[in-house]
Amino acid sequence: MMNYDPMKYAYPSHRNVVYARRAMACTSVPLGAEIGLDVMRRGGNAVDAAVAMAAAMPLLEPTSNGIGSDCFALVWIEKDKRLYGLNASGVAPMMLSLDIFREKELTAVPRDGWLPTMAPGAPAGWAELNRRFGTKPLAELFAPAISYAREGCPVPVEVGSHWAVGARRVRRAAEADAAPYQGWLKAFTKPDGTSYQAGDLFRWDDFADTLEELAATDCESLYRGVLMERLIAFSRETGGYFCEDDLRNYRPEWVEPITADYKGYTVCEIPPNGHGITALMALNILKGLPLPENRESADAYHKQLEAIKLAFEDARAYVADPRYMKTKVADMLSDGYAAKRRALIGERALLPTAGDPSSGGTVYLCTADPFGNMVSFIQSNYMGFGSGIVIPGTGISLQNRGANFSLDPKSDNCVAGGKKSYHTIIPGFLMKDGEAVGPFGVMGGFMQPQGHVQVIVNTVDYHMNPQECLDAPRMQWTGGRHIQLEREVGAHIASELARRGHEIEVLNTNSAMGRGQIIWRTENGLLVGGTEPRCDGMAAAW
C-alpha cells in the first residue's frame, strides 16, 4: 500500500483547454462534472445534468453549499433562442426584524447561528428547473448523489483545506451554545472528533435519506411536508426564528436576465437582488477606456480595478431585494451614467464613493448538451459551511446569507422579515449577435463580479481561450484603495500600481481569488472549456 501527502507537490503543473463535440460539464469537483456528463450520455439535457450536479455538490463540496443553499441559474434553450433566468434565493423568516438585532446590541448580522439563516431556495430551484426544462425524473437525477452518500466519496484536496478552516469557525460558535450546532458536529466531524481531510472517505446517510424524500415529493417535503416540519421543530427548540409559513409561502422566481454590450458581445447576468449588475456596470465603464495591448501591464490592471471599485460602490449602495430598491436597474446600466463614472478614472487610484445613477465560499457549474442547450448555475451556503446549522437527521445545512443584510434603517437592504438580502452569487452567460457563446462563472463572495469582469476582458480584449482566462493572475479590490494581487502578478506591475496610489497586498495563497468554470461554443460548433486551477475542478467532455 502507498500513502501520499495530497498537499505536497514536487513539480508545478498546468491544465490544457478541453474540447468536446457533443457535451461538456464543468465544476469544482471532478466527480460532480462526471455526474453531469453521464446524465447527458444517457440522453438527458443540459438542465438535467445541472440539476443532478447541483444535488450532488452538497455532498462532494459541503464546505461551500448544502441542501439549505440558495441558487441562481441562466438557461439557454436552443429551440427558443432565448436565455431564461431563475432566482431561487431565500427570504428572511417573517419573525426577524431590526428590533431583534437592536435588543441584542448588534451592529452587524452575525455569521453563525440562526440570525443569518434564511429559507432555503436551492431544492425549490432544482424542482422548478426540472419541471420547466428537464426530461428526467428527479429520482434518476438524484441517484448518483444518493449512491455516493451511502457508499462514500473521497474528500478532494481543496475541499479538505476549506473543511479545516470552516470547522474551526463552527466549533468556536458551538463553544458558546452547542444546541444549534449539534447536527453539524455529527455530520461533519469524524468519530474521533477531528475534521475530514483530503483523501478521507465521507459517508452521509442522512443526506441520502433526504434526497430520496425530496425526489419522491418533487422537493415539496422541505416546503410543505415532513422535512419542513423537522426544520421548524429544530428552529423552535434551539432559538431559531422560522415558522411554517416561511417555507410554505416560498417559491423561486423566473426573472428576465439583465445585459450589457461589451465590444460586440452581450454579457448576461441575473438582476438584483444579486450583484451581477456590478460586473455589467464595470464593463460599461471599461468599454469606453482604451486598454493596452499587453494584458500583463500596470495600466490594464489599473483600469479594471478603477472600473470595478466604482461599480461596486454603487452596487453596495443600491442593490437589494428588488421590491425594496428605490434605484432603477436601467439607470444603473445606462450609457450616460457609465460615462459619468468613467470620467472619474485617471492615472491615480481613486478613493471611491457611490454615485447617483437616477435619471429622473459557493459552487459554480455549467453544462452544454448535444441539443445546443446550456446552463450557468450557482448555489451557495455563503461563508463556508454557512450558518453552521444542520437539521439533525436530515443532512440539511443552512446558509447564512442574511449576514449580507444591513442594519441601517435607511438602507434599501436593511433586514426585514420576508425580505431577500443583497446576494453575492451570480451565474454569467455570454452571447453574440443573439446566439449563445456560453456559460461562465467565478465563485467566491465579493470576488465574483470582479472575476466576471476579468474573464470577459481576458476573452474579448485579450483573445484568451477559456483555460487561459482562468489561469491568468487575478486581482481583487477589497475597499478604499486596497487591492490584493496574486503572487503570479509581475513585481513590476505591483510596483507601478503602488506608484499610482494603490495599496498593495500580495497574496501567498490564491483561495480568496475565486474559482471559475467556462464553456464556450466555437464557430465550427465544437465546445471548448476551462476549469479553475485554484480548485479541484474538471471539464468533463464527450
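Residues numbered from 1 in each chain as written. Predicted model: local features only at pLDDT ≥ 70, side-chain atom pairs only at ≥ 80, totals over all residues. Heavy atoms only, no water.

A. Quick peek at the overall build of the protein. Along the backbone of the protein there are 18 helices and 21 strands. Expressed along its principal axes, the backbone C-alpha trace of the protein runs to roughly 55 × 55 × 50 Å. The buried share among the 542 residues of the protein stands at 62%. Total accessible area on the protein is roughly 20,200 Å²; 51% of this is exposed by carbon and sulfur atoms. (Helix = DSSP H or I, 4+ residues; strand = E, 2+ residues; numbered from the N terminus. Buried < 20%, exposed > 50% of the residue type's maximum accessible area, 1.4 Å probe, protein only. Areas by Shrake-Rupley, 256 points an atom, 1.4 Å probe, with all protein chains shown as cover.)

B. Expanded view of the packing of aromatic side chains. The final tally for this structure, using the stated rule, is 23 aromatic pairs. Relative to Phe207, the ring of Trp204 lies with its centre 5.1 Å away and its plane at 20°, an arrangement referred to as stacked. Classification of Trp204 by relative accessible area gives buried; the value is 5%. Using a relative accessible area of 0% as the deciding quantity, one classes Phe207 as buried. (Phe/Tyr/Trp six-rings, centres within 6.5 Å; stacked < 30°, edge-to-face > 60°.)

C. Main features of the sheet that holds strand S16 (residues 475-479). Read across the open sheet, the three strands follow the order S16-S17-S18; overall the sheet is mixed. In this open sheet, the two edge strands, each paired with only one partner strand, are S16 and strand S18 (503-507). Across the sheet, the mean angle from the axis of one strand to that of its neighbour is 25°, orientation sign disregarded. Relative to strand S17 (residues 482-486), S16 runs antiparallel, the two sharing four bridges. The partner of Met475 across the bridge, within S17, is Leu485. (Pairing = 2+ DSSP bridges. Axes fitted to C-alpha atoms, helices over the stretch in contact; angles between N-to-C directions.)

D. How the structure looks around the nonpolar core. Formed by 99 residues in total, the largest nonpolar core has its most connected members in Val75, Trp126, Phe142, Phe188, Leu211, Leu214 and Phe377. At 13 residues, helix H2 (residues 46-60) tops the list of elements feeding residues into this core. With residues near it in sequence (within four places) discarded, Leu211 still touches Ala55, Ile67, Trp126, Phe142, Ala145 and Ile146. Counting residues in hydrophobic clusters, the runner-up holds 57 residues, among them Ala298, Phe312, Met464 and Met475. (Core = buried A, V, L, I, M, F, W, Y, C linked by side-chain atoms within 4.5 Å. Contact = heavy atoms within 4.5 Å.)

E. Structural view of the sheet that holds strand S2 (residues 24-27). On the basis of which strands lie adjacent, the open sheet formed by seven strands has the order S7-S4-S3-S11-S10-S2-S21 and antiparallel pairing. Pairing within the sheet leaves two strands with one partner each, and these edge strands are strand S7 (253-255) and strand S21 (538-541). Taking each pair of neighbouring strands and ignoring which way they run, the sheet shows an average axis angle of 15°. Relative to strand S11 (residues 374-380), strand S10 (residues 363-368) runs antiparallel, the two sharing six bridges. Each residue of the ladder has a partner; that of Ala368, found in S11, is Met374. Set on the sheet, helix H1 (residues 30-41) makes contact with S2, S10 and S21; between it and S2 the angle comes to about 160°.

F. Molecular detail of the pattern of salt bridges. One pass over the structure, following the stated rule, counts 37 salt bridges. Taking the shortest distance from any N to any O, the salt bridge between Glu435 and Lys81 comes out at 2.9 Å. Arg341 is the salt-bridge partner of Asp314, the closest N and O atoms lying 3.1 Å from each other. One end of the pair, Asp314, is in helix H13 (residues 298-318); the other, Arg341, is in helix H15 (residues 335-342), with 27 residues separating them in the sequence. Take Asp314 and Arg341: they sit in the same class, and that class is buried. (Salt bridge = Lys/Arg side-chain N within 4 Å of Asp/Glu carboxyl O.)

G. Highlighting helix H6 (residues 157-176). Look at H6: 30 Å from first C-alpha to last across 20 residues, which is about the 28 Å you get at 1.5 Å a residue. Turning to H6, its buried residues number three or more, namely Val157, Val159, Gly160, Trp163, Gly166, Ala167, Arg169, Val170, Ala173 and Ala174. Along its buried surface, H6 packs onto H2, helix H7 (182-188) and strand S6 (201-202). (Expected span 1.5 Å × (residues − 1).)

H. Representation of the side chain of Thr424 within the structure. Looking at the secondary structure, you find Thr424 in the loop between strand S13 (396-397) and strand S14 (428-432). Beyond its immediate sequence surroundings of up to four residues, Thr424 is in contact with His275, Tyr382, Arg401, Asn404, Gly445, Phe446 and Gln448.

I. Just the packing of H1 against H2, in detail. Contact pair H1 / H2: the axes reach a minimum separation of 8 Å and the direction vectors enclose 150°. Classified by the angle between their axes, H1 and H2 sit roughly antiparallel to one another. When you trace H1 past H2, the crossing you get is right-handed. Every residue of H2 that contacts H1 at Leu31, Gly32, Ala33, Ile35, Gly36, Val39 and Met40 is listed here: Ala46, Asp48, Ala49, Ala52, Met53, Ala56, Met57 and Leu60. A class-by-class count of the residues in the contact of H1 with H2 yields twelve nonpolar, two polar and one charged. (Parallel < 35°, antiparallel > 145°, perpendicular 65-115°, else oblique. Left-handed = near helix turned anticlockwise from the far one by under 90°. Nonpolar A, V, L, I, M, F, W, Y, C, P; charged D, E, K, R; others polar.)

J. Just the packing of H13 against helix H16 (residues 448-461), in detail. Contact geometry of H13 with H16 gives a least axis separation of 11 Å together with a crossing angle of 140°. Considered as vectors, H13 and H16 are oriented oblique to each other. Note that H13 runs across H16; the crossing there is right-handed. Across from Gln304, Ile308 and Phe312 in H13, the residues of H16 making contact are Pro449, Gln450, Val453, Gln454 and Val457. The residue makeup of the contact of H13 with H16, split by class, is five nonpolar, three polar and no charged.

K. Helix H18 (residues 491-499), seen in detail. Residues of H18 that are buried: Ile493, Ala494 and Leu497. Seen from one end, H18 has its buried residues packed into an arc of 100°, which puts them on one side. In H18, the exposed positions angled more than 90 degrees off the buried face are occupied by Ala491, His492 and Arg499. As for H18, its buried residues are in contact with H13, S17 and S18. The positive-phi residue at the C-terminal boundary of H18 is Gly501, with phi of around 105°. (Arc of directions from axis to C-beta.)

L. Summary view of unusual backbone geometry. Although it is not a glycine, Tyr382 adopts a positive phi angle of roughly 75°. Note on placement: Tyr382 falls in the loop between S11 and strand S12 (390-391). Among the residues examined, Tyr382 registers a relative accessible area of 8% and is labelled buried.

M. Molecular detail of the pairing of strand S19 (residues 515-521). Counting buried residues in S19 gives six out of seven residues, a clear majority hidden from the surface. Pairing of strand S15 (residues 435-443) with S19 involves four bridges; the strand directions are antiparallel. Across the sheet, residue Met443 finds its bridge partner in S19, namely Arg515. Joining the antiparallel neighbours S19 and strand S20 (residues 527-531) is a turn of five residues, in which Gly525 adopts a positive phi near 90°.

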